[in-house]
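Observations on the three-dimensional arrangement
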Amino acid sequence: MKALPSLVTLLASLALTACGKMEAGDDCAPDNSATCSSTSEALWCESGKLRAIPCSGPSGCTESNGSLTCDFSRAQAGDACPATSENKGQCAVGNPDEALRCTSGTWTAQTCQGCAVQNEQITCIQ
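Residues numbered from 1 in each chain as written. Predicted model: local features only at pLDDT ≥ 70, side-chain atom pairs only at ≥ 80, totals over all residues. Heavy atoms only, no water.

1. A look at the state of the cysteines
Per the counting criterion, the structure on display carries six disulfides. Note on cysteine connectivity: cysteine 91 is disulfide-linked to cysteine 115, with sulfurs 2.1 Å apart. The disulfide joining cysteine 91 to cysteine 115 has a torsion of about -90 degrees about its S-S bond and is therefore left-handed. One end of the pair, cysteine 91, is in strand S6 (residues 89–91); the other, cysteine 115, is in strand S9 (residues 115–118), and 24 residues separate them in sequence. Here the cysteine-cysteine linkages of the protein are recorded as 1-3, 2-5, 4-6, 7-9, 8-11, 10-12, numbering only bonded cysteines and doing so in sequence order. (Disulfide = S-S within 2.5 Å. Helix = DSSP H or I, 4+ residues; strand = E, 2+ residues; numbered from the N terminus.)

Structure (C-alpha cells):
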C-alpha cells in the first residue's frame, strides 16, 4: 500500500513537468519576455501569446543571469523577428547588396548597391 502514494506523487510530478513545456501559441505574460526553446529558437511573448523566433546565428539562443540573447546575424528574408527589433536592420549574410529590416514581425529584404553598418546604423546605398 505504501507504493501507491509514491506512484501518485511520481505521476503528478511527471504531469506538471509535461505541462511546463512551453510552445509557440501558448498564453504568456508579460509581453516582450522571452525564453530559449532550443539552442536555435526563442519563444517571445507578444500580445499574450508565445511566438517562435529563429536564432540562426552561430551564437544561437542563450540565457544567462536572467537575460536572453538571440543571434539574428544569419536571419533570412521571411524569418520571424520580435517586436523588440521592429525597424532595426542588418546586412544580409552572404549578400552585400541586401539589407534586412524587421517589419511587422518579419525580416524583410531591401535591395542595395551595398550594405554597411556604421555607428550601429545600417546603411543601404540605393
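Picking up after the structure, the text goes on.
2. Things to note about the confidence of the model for the protein
Residues with a pLDDT of 70 or more make up 84% of the protein, whose mean pLDDT is 83. When pLDDT is averaged over each element of the protein, strand S3 (residues 49–54) comes out on top at 97 and helix H1 (residues 3–19) at the bottom at 29. This model gives residues 1–19 a pLDDT under 50, and the stretch forms zero contacts once residues within four places in sequence are excluded. (pLDDT = per-residue confidence, 0-100. Contact = heavy atoms within 4.5 Å.)

3. Describing the sheet that holds strand S1 (residues 34–38)
Overall, antiparallel pairing links the three strands, which are arranged S1-S2-S3 in an open sheet. Bordering the open sheet on either side are S1 and S3, each of which pairs with just one other strand. Sheet twist, expressed as the mean angle between neighbouring strand axes with direction ignored, is 35 degrees. Relative to S3, strand S2 (residues 41–46) runs antiparallel, the two being bridged by six bridges. Pairing of leucine 43 across the sheet is with alanine 52, part of S3. (Pairing = 2+ DSSP bridges. Axes fitted to C-alpha atoms, helices over the stretch in contact; angles between N-to-C directions.)

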